[in-house]
Amino acid sequence: MPKNQTMVRGGVLITAHDASPAINAAVVVEGGKIKEVGSYDQLAPKYPQAKQLGGPEFMIIPGLLNGHSHGRGLSDFQRGGLDNTLETWRFCSAKYTPVATYDDVAFSAIRLLKSGVTATMHNHLLRNPALYRSEFDQAIQAYAEAGMRVLFCPGIKNANPFVYGDNKAFLAGLPGKARAFFTPSPPSPEALSPDNYLRVVGDLYQRHQSDMIRIGMGPVAPQWCTDDLLRLTSRGARELGIPLHIHVLQTVFQKRYGLKEHGQSLIAHLEELGFLGEGVVLGHCVFPTQEDIQVLARTGTGVTHHPTCNLRQRNGIAPVFAMLEAGMRVGLGMDGKSINDDDDMLQEMRVCSLLHRLPSLELDSPCLSSRQVLKMATENNAFLLGYGQELGRLEPGRFADLVLLDYPQMTYPYTSETQDPIDVLLYRGRSRHVKLVMVNGRVVVKNGQVLTINEEKVAARLAEAASRPRTEAEKEYLEAIDVLRAHVQKFFQGWSQEAELDPFYLMNSRRD
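Since the model is a prediction, treat every value here as computed from it, not as a measurement.

Draft legend 1. Spotlight on the packing of aromatic side chains. Under the definition given, this model contains 14 aromatic pairs. Consider the rings of Tyr 132 and Phe 136, whose centres lie 6.0 Å apart with planes at 55°: the pair is tilted. Highlighted residues: Tyr 132 and Phe 136, both in helix α4 (residues 132-146), separated by 4 residues, approximately one helical turn. For the residue pair Tyr 132 and Phe 136, the accessibility class agrees, reading buried in each case. When the centroid spacing of 5.5 Å and the interplanar angle of 55° are considered together, the rings of Tyr 164 and Tyr 257 count as tilted. Of this pair, Tyr 164 sits in the loop between β7 (149-156) and α5 (167-172) while Tyr 257 sits in helix α9 (residues 252-262), and the two are 93 residues apart along the sequence. Like Tyr 257, Tyr 164 is buried. An aromatic cluster is present here, built from Phe 162, Tyr 164, Phe 170, Phe 181, Phe 182, Trp 224, Phe 253, Tyr 257, Tyr 477, Phe 491, Phe 492 and Trp 495 joined pairwise through their rings. In this structure, Arg 9 is placed above the aromatic ring of Tyr 40, and the distance from its NZ or CZ to the ring centre is 3.9 Å.

Below, the structure is given as structure tokens:
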């Protein structure tokens, strides 16, 4: 009998979103993969030497996947940013006191693991393009040491740094002091750029591509990338056979930009470029048209939905139910902006479920189900992160990524046995119920605590770095950012009123 076998027992076992919950069941793990799933009473005599974990008080579910993130351990709010509209809010990050990339990403991984997330997509937005090697290596090291899977997508952009329009004219219109701060210097030859991006990603792929670390392409968004850069990253992703993640149609201003710049929606423009297809994932996608949804479904392009982030940044609500009805593959991501500012994936799943109960106001009309949401956070995200047949379900041959939750605590003091345990998970589950997390057959969370990285030491280093007093030069820069934001706000004034809105969901009415 192999010595590396582990039997994980649960009173309730959910192997997948479309499976009936099993009672008093177990998962047998050998090495990093699932060997067998079934009744505990039948499996226990079959594997007498297997190490025993769990017990009848636990619910076992597949490891959750976070479809979209940027690896921020300290949230934007913690670092001084206050949620607001993306086109102005995004300059807040320039105000943050720098912290070590390793610590920031490690703390993010810690929070995700504690909420049952075993794999995440990380779109790395560089703090300093000239230091891309150090930032990328530190981020990847943090996930490796945390024992968490990651699809690492280096971010790249080269257009519209301030507004969606004539940026030279916009910059010239800033007051002299602010203009001096934001006038770009000649790029360093050592910096990440469109000229070396494919080489850099290819190098990361050669050094890191594995079962635990996957590499993808990360053009940030069509309004922030030239068409040449979009074509470049699309070609590179297809040549390497890796996923490509991009932000698209997050705001109504981006919806208007596509029409102003290209005379068509951004999704129609991406199709024209040959950019869409299997392996391509659009983050947010709050403002697609019905025609856009049909294009995405026909091309096999995926979408990640970020419900809380979209609420906090006043973006809107993506028409997820319509996307799923059209046959699209839609995943779920937190984007570092969860409902309680704590990266609780179970709470994010609940927000998703509640938001999408509104496609119709008819009595008992179809709406998003708990099982569909679980699929978004497991099987769908597995495909979107490049783990299609390897994660998302607890089945023999798949990677042994699973989560144990305290089911009596979740149902306390009483929950009817007639309720589907998946509904119980979506209605009542929280990260505090997560007691054990296994990734690749290795226990990385036990009794709710991460075993791989010292959380207190990482947190202390983050707090010390983030609380450093500002220099006088930094204070002047912060003032310049406030001036910049005011001018950006003025630039976009009236754009939202130009949009023709015919919402997918009915939420209220101003008329009788």
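Draft legend 2. Geometry of the sheet that holds strand β17 (residues 449-450). On the basis of which strands lie adjacent, the open sheet formed by 8 strands has the order β3-β2-β1-β4-β14-β15-β16-β17 and mixed pairing. The open sheet has two edge strands with one neighbour each: β3 (33-39) and β17. As defined by bridge partners, strand β14 (residues 402-406) adjoins strand β15 (residues 434-439) across 4 bridges and the pair is classed as antiparallel. Looking across to β15, one finds that Leu 405 is bridged to Val 434.

Draft legend 3. The arrangement of the pairing of strand β6 (residues 117-124) in detail. Taking burial as the measure, the 8 residues of β6 include 8 buried ones, the bulk of the element. Summarising the sheet, strand β5 (residues 64-66) and β6 pair through 3 bridges and their orientation is parallel. Counted as the bridge partner of Leu 64 is Val 117 from β6. Here 6 bridges tie β6 to β7, and the two strands are oriented parallel to one another. Bridge pairing links Thr 120 to Val 150 in β7. Each parallel crossover has a hand, and for β6 linked through α4 to β7 it is right-handed.

Draft legend 4. Highlighting the environment of Leu 270. Assignment of secondary structure puts Leu 270 in helix α10 (residues 266-272). Taking the relative accessible area as the measure of exposure, Leu 270 reaches 0% and is therefore buried. Measuring from C-alpha to C-alpha, the distance between Leu 270 and Asp 227 comes to 8.8 Å, with 43 residues separating the pair along the chain. What Leu 270 contacts, discounting residues up to four positions off in sequence, is Pro 222, Leu 230, Val 248, Phe 275 and Leu 276.

Draft legend 5. Just α4, in detail. With 15 residues, α4 should reach 21 Å at 1.5 Å per residue; the first-to-last C-alpha distance of 21 Å fits that figure. Those residues of α4 that fall on the buried side of the exposure criterion are Tyr 132, Glu 135, Phe 136, Ala 139, Ile 140, Ala 142, Tyr 143 and Ala 146. The arc that holds the buried residues of α4, viewed along the axis, is 150°, so those residues lie on one side. Looking one or two places after α4, you find Gly 147, whose phi comes out positive at around 80°.

Draft legend 6. Summary view of the sheet that holds strand β11 (residues 280-284). Sheet architecture is open: 4 strands sit in the order β10-β11-β12-β13, paired in parallel fashion. What marks the edges here is a single partner per strand, and that holds for β10 (244-248) and β13 (330-332). Across the sheet, the mean angle separating the axes of adjacent strands is 30° when strand polarity is ignored. Packing against the sheet, helix α15 (residues 370-384) makes contact with β10, β11, β12 (302-305) and β13, and its axis sits at approximately 110° to β13.

Draft legend 7. Structural context of the side chain of Ser 75. Mapping Ser 75 onto the fold places it in the loop between β5 and α2 (86-89). The exposure class of Ser 75 is buried, given its relative accessible area of 1%.

Draft legend 8. Spotlight on empty space enclosed by the protein. In total, this model carries 2 cavities of 30 Å³ or more according to the counting rule given. Its boundaries defined by the atoms lining it, the largest cavity holds a volume of some 40 Å³. The wall of the largest cavity is formed by Gly 63, Leu 65, Thr 118, Glu 390, Leu 391, Gly 392, Arg 393, Leu 394, Arg 398, Phe 399 and Asp 401. When grouped by side-chain class, the residues that make up the lining of the largest cavity number 4 nonpolar, 3 polar and 4 charged.

Draft legend 9. Structural context of the side chain of His 124. Looking at the secondary structure, you find His 124 in strand β6. Of the polar contacts made by the side chain of His 124, one reaches the side chain of His 122; its length is 2.9 Å. Dropping the residues within four chain positions of it, His 124 is found in contact with Thr 101, Glu 135, Phe 136, Ala 139, Phe 152, Cys 153, Pro 154 and Gly 155.

Criteria and cut-off values
Residues numbered from 1 in each chain as written. Predicted model: local features only at pLDDT ≥ 70, side-chain atom pairs only at ≥ 80, totals over all residues. Heavy atoms only, no water. Phe/Tyr/Trp six-rings, centres within 6.5 Å; stacked < 30°, edge-to-face > 60°. Helix = DSSP H or I, 4+ residues; strand = E, 2+ residues; numbered from the N terminus. Buried < 20%, exposed > 50% of the residue type's maximum accessible area, 1.4 Å probe, protein only. Lys NZ or Arg CZ within 6 Å of the ring centre and 35° of its normal. Pairing = 2+ DSSP bridges. Right-handed = clockwise from strand over helix to strand, strands pointing away. Contact = heavy atoms within 4.5 Å. Expected span 1.5 Å × (residues − 1). Arc of directions from axis to C-beta. Axes fitted to C-alpha atoms, helices over the stretch in contact; angles between N-to-C directions. 1 Å grid on protein atoms, 1.4 Å probe; cavity = no way out; pocket = protein on both sides within 12 Å on 5 of 7 lines; lining within 4 Å. Points joined across faces, edges and corners; volume = space filled by probe spheres on them. Nonpolar A, V, L, I, M, F, W, Y, C, P; charged D, E, K, R; others polar. Polar contact = N/O pair within 3.5 Å; in protein donor to acceptor, adjacent residues only side chain to side chain.

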